[in-house]
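The residues making up each chain are set out below.
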Amino acid sequence: MSTSTVKLQDIYNQQGFLSALPVLSDIELREAKHAFSELEREFGEEYTQYSLHNVHLQYPWVSDLTKHPQILQVVKAILGPDVILLDSRFICKYPTLKPDGSSGENGLPYVAWHQDMRYWGIDGGPVLSVWLAFDDSLEENGALRVIPGSHCAGMLPHHQAIRPGNMLTVNQEIPEELVKADESVLCPLLAGQMSIHDGLLVHASDANTSQKRRCGFVIRYVPTCAYPTEDPDRPRKFHAAELACGTDQFNNFSN
């Protein structure tokens, strides 16, 4: 195991995330953005904002991204050589106004403080989430914000979000009094870079108040030893799961 790999593991285990990791070349980025623009033209921005879910099963270029060598190199350094691709989704925050056409941040799409594991009925191994930036992801267009080390606290309670505009499917958030927001750090990315974070890391992202789109491709990975749980609070089916690399001697996600 190389020194750089051990260092990546140590930082990730301590902080719960890594950021600004290079992935796509200029040519790869240009091709991916062009392919995504075709989806925007076909489906419209209201749909592509959050509804392009598990389309790695449908489009070869998306499937290729989930197995990109630069991504899997880092994923394997954290999870080991045998990895399942659990799920994927495009998430876009478009420049927008409130529904009534007025300006202001209230009601604009944002992502509340949460932990990914709240929504994934997984045990036996960690969930690692990748955010692959198609656009520059900066503070003004709603970049990812994380609380370093918060993954060490385990699962926190979530309740219904009060503020309108939460993009999370079930509209939940961690109660404000449990979030150490003053310890949060921003994870800006240039287009073509990625961040990764642990499924228990507390994170969020603010509304896009700029005139620039913020689009990214989210990919979830687990080691093959992980398995779905029968948790009534987190009912999930993993119909899109497939082997990303290595071998699967467990077959916990065979459909």
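Residues numbered from 1 in each chain as written. Predicted model: local features only at pLDDT ≥ 70, side-chain atom pairs only at ≥ 80, totals over all residues. Heavy atoms only, no water.

## Focus: helix α5 (residues 69-79)
Working note: α-helix, 3.6 residues per turn, so residues spaced by three or four point in the same direction.
Okay, so step 1: Within α5 the residues assigned to the buried category are I71, L72, V74, V75, A77, I78 and L79.
Okay, so step 2: Following α5 by one or two positions, G80 adopts a phi angle in the positive range, close to 105 degrees. (Buried < 20%, exposed > 50% of the residue type's maximum accessible area, 1.4 Å probe, protein only. Helix = DSSP H or I, 4+ residues; strand = E, 2+ residues; numbered from the N terminus.)

## Considering the side chain of R89
Okay, so step 1: Within the secondary structure, R89 is located in strand β2 (residues 83-93).
Okay, so step 2: In this structure, R89 is buried with no salt-bridge partner, the nearest side chain bearing the opposite charge being D87 at 5.4 Å.
Okay, so step 3: In terms of polar contacts, R89 uses its side chain to reach the backbone carbonyl oxygen of Y50, at 2.5 Å.
Okay, so step 4: Once you skip the residues sitting within four places of it in the chain, R89 turns out to touch Y50, S51, L52, H53, T169, G216, F217 and V218. (Lys, Arg positive; Asp, Glu negative; His and termini not counted. Salt bridge = Lys/Arg side-chain N within 4 Å of Asp/Glu carboxyl O. Polar contact = N/O pair within 3.5 Å; in protein donor to acceptor, adjacent residues only side chain to side chain. Contact = heavy atoms within 4.5 Å.)

## Points about the environment of C187
Okay, so step 1: Tracing the backbone shows C187 in the loop between β9 (185-186) and β10 (193-198).
Okay, so step 2: Between the C-alpha atoms of C187 and C225, which are 38 residues apart in sequence, the distance is 30 Å.
Okay, so step 3: What C187 contacts, discounting residues up to four positions off in sequence, is F17, S19, S137, A143, L144 and V146.

## A closer look at the environment of Y94
Okay, so step 1: With respect to the helices and strands, Y94 occurs in the loop between β2 and β3 (111-114).
Okay, so step 2: Note: C-alpha distance between Y94 and S254 (160 residues apart in sequence) is 36 Å.
Okay, so step 3: A distance of 2.6 Å separates polar atoms of two side chains, one belonging to Y94 and the other to E40.
Okay, so step 4: Among the polar contacts made by the side chain of Y94, one reaches the side chain of T48 at a distance of 2.7 Å.

## Focus: the pattern of salt bridges
Okay, so step 1: Summed over the entire model, instances satisfying the criterion amount to seven salt bridges.
Okay, so step 2: Taking the shortest distance from any N to any O, the salt bridge between D135 and K33 comes out at 3.5 Å. Highlighted residues: D135 in the loop between β5 (128-133) and β6 (144-146) and K33 in helix α2 (residues 26-43), separated in sequence by 102 residues.
Okay, so step 3: Judged by relative accessible area, which is 8%, D135 ranks as buried.
Okay, so step 4: Residue classification places K33 among the partly exposed positions, given a relative accessible area of 31%.

The values are spatial; any link to function lies outside them.
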